[in-house]
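These are the residues of each chain, in order.
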Amino acid sequence: MKIQSTSGLSFVLVLLFSSSWAASVQNHEDFLQCLSLHSQNSTSISQVIYTPNNSSYLPILQFSIQNLRFTSSDTPKPTVIVTPLHESQIPTVIKCSRTHGIQIRVRSGGHDYEGLSYVSELPFVILDMINFKSITVDTETRTAWVQSGSTIGELYYRIAEKSKVLGFPAGVCPTVGVGGHFSGGGYGLMLRKYGLAADNIIDTRLINVNGEILDRKSMGEDLFWAIRGGGGASFGVILEWKIKLLSVPQDVTVFTIDKTLEQNATNLVHKWQSIASKFPEDLFIRIIIRRVSLARDGKQTIQASFNSLFLGGQDRLLPLMQENFPELGLAKEDCTEMSWIESVLYFAGFPRGESLEVLLDRTPLVRQYFKAKSDYVKEPISKNGLKGIWKMFYEDEAEAAEMILSPYGGKMDEISEYAIPFPHRAGNLYKIQHLVYWEEEGEVAAERHISWIRRLYSYMAPYVSKFPRAAYINYRDLDVGVNNQGNTSYAQASIWGFKYFKNNFNRLVRVKTMVDPGNFFRNEQSIPPISLWRKKKGD
Ligand code: FDA
């Protein structure tokens, strides 16, 4: 084969680039024309379409982006953003995207760790559900309908507005969107008592690839199963969820006790590993590991923060702690009693007395550059193993790193690993979230910090779940495997699929094959339909 001269090669590249660019511009214009042609009321749809020429395009794009890694100028941008006001506008977006070969990325709260709801290498439109935020709470039936663009903070607020003794077991950060959060599982401080958010969904409404609006009855139990933990993005556009509200006491108790290495942290963490998943299910004590500087001499050390929610008063908590974990030395002065909704603010990091209205503020609390990973632990890590982790936290890149250890057990042990696609149930002592944050912009800083967390992840391998090394889909990590941009084989998707879903991956593939055989709803970690896999193999 003759090798082309450099100038010949550049000519071909320029030609290829300009023809694909021209094709994408053409697609984009055809797409916009299609939207107005197929909309019953084209003025109304034109009011919710933003193209790069529009001054609101960038502010809308950036509004809910959590991870600053995906805000740089070279991050691929959508050709169009649509922020529907009514569900009747969505089937047109699906139809026109299919006709003109444009991908859809559905965004609710924008908290995806890898930006999959608003970044794609292929031409794409963002369907931003930000206007879908109505929440209807019914205390009589102890249920609520919550639209997918609502945040969990808004949901908690609306529940507390109607009742002091009802709550919902979802995540900690109030700005997380229910669209992505519930469809990936969604856990918080009540998971040992009530399981995940997805365990408490009783109905839903979704728009499928044909633009049909389905509820639990019309979609059937397979699809209803798949979207509660399998990630919504593979299956359609979730409009809203119906959830079961759960009892919370008038008063809960919270505490945070910080222990450094000098204060016996290694032994306490070591002990916590074998007892935290066996505590009564009203008690949740997680640990946050960080590097800190000691106030007295500035010396660097490792700190373990024991951060807890107890669903009851301190009179019941104190003897329970004395019996089960006396080494922590919990005293009355460490405990604060408050309402459940106040505890939501406490864990979100707001000071005592802050107005509950902050839960309605959708602006992300902090935006940082970050990379995260997850692990499940089935056997306590030895003290030497823990000391090896501490050592890594002294490295430069770990200045703002964290490890969050969340205990399982309780209700999590009682739910079958096949009940919903989220499979991480009995047998797990706790889950780890590994996180590294940084402040400097640019590739070099990103590379350094990402390489640190990858090294930490390698170090952890002997201590965590194996075959598969399990991971939590809501802590999205593209390092665990990705699809092709085009068709993906079952074998390729299995690499990441079994880590997130274990044997439920096969059922997810079957559901996908049934409801979206052409693989229209796809991203780097979406469930592939089996037909594509067969076609690739030639049968
Ligand atoms: P986003 O809009 O980015 O969507 C995430 C994924 O879901 C994308 O693939 C998207 O296409 C898809 N999707 C979104 N809306 C959809 C819809 N309506 N229909 C179909 N598909 C849809 N998790 C947890 O379990 N407990 C916790 O306490 C926290 N805390 C937390 C704090 C912070 C600061 C962050 C950044 C993240 C968390 N998470 C978490 C993780 C969180 O649960 C996860 O990122 C969710 O997917 C976020 O859902 P959003 O709707 O905000 O994300």
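Analysis parameters
- Residues numbered from 1 in each chain as written.
- Predicted model: local features only at pLDDT ≥ 70, side-chain atom pairs only at ≥ 80, totals over all residues.
- Heavy atoms only, no water.
- UniProt positions renumbered as here; feature names shortened; annotations may be inferred.
- Helix = DSSP H or I, 4+ residues; strand = E, 2+ residues; numbered from the N terminus.
- Rg over C-alpha atoms; globule rule 2.2 N^0.38 Å.
- Buried < 20%, exposed > 50% of the residue type's maximum accessible area, 1.4 Å probe, protein only.
- Contact = heavy atoms within 4.5 Å.
- Disulfide = S-S within 2.5 Å.
- Near = heavy atom within 4 Å.
- Polar contact = N/O pair within 3.5 Å; in protein donor to acceptor, adjacent residues only side chain to side chain.
- Areas by Shrake-Rupley, 256 points an atom, 1.4 Å probe, with all protein chains shown as cover.
- Nonpolar A, V, L, I, M, F, W, Y, C, P; charged D, E, K, R; others polar.
- Phe/Tyr/Trp six-rings, centres within 6.5 Å; stacked < 30°, edge-to-face > 60°.
- Core = buried A, V, L, I, M, F, W, Y, C linked by side-chain atoms within 4.5 Å.
- Salt bridge = Lys/Arg side-chain N within 4 Å of Asp/Glu carboxyl O.
- Pairing = 2+ DSSP bridges.
- Axes fitted to C-alpha atoms, helices over the stretch in contact; angles between N-to-C directions.

- If you check an unreviewed UniProt entry, the protein chain appears there as FAD-binding PCMH-type domain-containing protein from Escallonia rubra.
- Its UniProt record gives the protein chain a comment under Sequence similarities (unreviewed entry), which states: "Belongs to the oxygen-dependent FAD-linked oxidoreductase family."
- Its UniProt record gives the protein chain a comment under Cofactor (unreviewed entry), which states: "FAD".

**Side note on the overall build of the protein chain**
Link 1 in the chain: When you go through the protein chain residue by residue, the secondary structure sums to 17 helices and 18 strands.
Link 2 in the chain: Radius of gyration (C-alpha) of the protein chain: 24 Å, near the 24 Å computed for a compact globule of 539 residues.
Link 3 in the chain: Its C-alpha atoms put the protein chain at 70 × 65 × 50 Å along the principal axes.
Link 4 in the chain: With 539 residues in all, the protein chain has 57% of them scored as buried.
Link 5 in the chain: Here the contacts in the protein chain between residues at least 6 apart in sequence split such that 72% fall between residues at least 24 apart.

**Considering the state of the cysteines**
Link 1 in the chain: Applying the stated criterion across every chain yields a total of one disulfide.
Link 2 in the chain: Here Cys34 connects covalently by a disulfide to Cys96, the sulfurs 2.1 Å from one another. The sign of the S-S torsion, about -80 degrees, decides the handedness of the disulfide formed by Cys34 and Cys96: left-handed. One end of the pair, Cys34, is in helix H1 (residues 6-38); the other, Cys96, is in helix H4 (residues 90-99), with 62 residues separating them in the sequence. In terms of burial, Cys34 and Cys96 fall into one category: buried.

**Some remarks on the site of the ligand**
Link 1 in the chain: Close to the ligand lie 31 residues, the nearest being Val106, Ser108, Ser117, His181 and Tyr472.
Link 2 in the chain: Ala233 places a polar main-chain atom, nitrogen or oxygen, 3.4 Å from a nitrogen atom of the ligand.
Link 3 in the chain: Here the ligand has 950 Å² of accessible area as a free molecule, and 93% of this is covered by the chains.
Link 4 in the chain: For the shell around the ligand, a count of residues per class yields eleven nonpolar, 17 polar and three charged.

**A few points about the packing of aromatic side chains**
Link 1 in the chain: The final tally for this structure, using the stated rule, is 24 aromatic pairs.
Link 2 in the chain: Judged by centre distance (5.9 Å) and plane angle (70 degrees), the ring pair of Tyr187 and Tyr472 falls under edge-to-face. Within this pair, whereas Tyr187 is found in the loop between helix H6 (178-183) and helix H7 (191-194), its partner Tyr472 is found in the loop between helix H14 (443-460) and helix H15 (490-501), the two being separated by 285 residues in sequence.
Link 3 in the chain: Its relative accessible area of 9% is what places Tyr187 among the buried residues.
Link 4 in the chain: Relative accessible area serves as the criterion here: at 1%, Tyr472 is assigned to the buried category.
Link 5 in the chain: Pairing Phe393 with Trp452 gives two aromatic rings, centres 5.5 Å apart and planes at 90 degrees, and the pair type is edge-to-face. Of this pair, Phe393 sits in helix H12 (residues 383-393) while Trp452 is found in helix H14, placing the two residues 59 residues apart along the sequence.

**Points about the nonpolar core**
Link 1 in the chain: One finds Phe182, Trp241 and Ile243 to be the most contacted residues of the largest nonpolar core, which totals 84 residues.
Link 2 in the chain: Counting residues per element, this core draws most heavily on helix H5 (residues 152-162), at six residues.
Link 3 in the chain: Excluding residues that lie within four positions of it along the chain, Trp241 makes contacts with Ala144, Trp145, Val146, Val178, Gly179, Phe182, Ser183, Ile201, Asp203, Thr204 and Ile227.
Link 4 in the chain: Judged by nonpolar contacts, the second largest core, of 50 residues, contains Ile257, Phe393, Tyr430 and Val464.

**Digging into the pattern of salt bridges**
Link 1 in the chain: One pass over the full model with this rule turns up 29 salt bridges.
Link 2 in the chain: Several salt bridges share partner residues, and in doing so they unite Arg69, Glu114, Lys371, Lys373, Arg454, Asp477 and Asp479 into one network.

**Considering the sheet that holds strand S8 (residues 201-207)**
Link 1 in the chain: An order of S5-S6-S10-S8-S9 is seen for the five strands of this open sheet, with the pairing classed as antiparallel. Each of the sheet's edge strands pairs with one partner strand only, and the pair in question is strand S5 (135-138) and strand S9 (213-215). Between one strand axis and the next, the sheet turns through 10 degrees on average, direction left out of account.
Link 2 in the chain: Two elements, S8 and S9, share three bridges in a ladder whose sense is antiparallel. Bridge pairing in S9 places Arg205 opposite Asp215.
Link 3 in the chain: On the sheet, helix H8 (residues 216-226) packs against S8 and S9 and is oriented at approximately 105 degrees with respect to S8.

**Some points on the UniProt feature "domain: FAD-binding PCMH-type" (unreviewed entry) in the protein chain**
Link 1 in the chain: When the UniProt feature table is mapped to this numbering, "domain: FAD-binding PCMH-type" (unreviewed entry) covers residues 74-248.
Link 2 in the chain: With 24% helix and 25% strand, residues 74-248 has its two end C-alpha atoms placed 47 Å apart.

**Overview of the side chain of Ser163**
Link 1 in the chain: Within the element layout of this structure, Ser163 appears in the loop between H5 and strand S7 (166-167).
Link 2 in the chain: We classify Ser163 as buried; its relative accessible area is 11%.
Link 3 in the chain: A polar side-chain atom of Ser163 sits 3.0 Å from the main-chain amide nitrogen of Val165.

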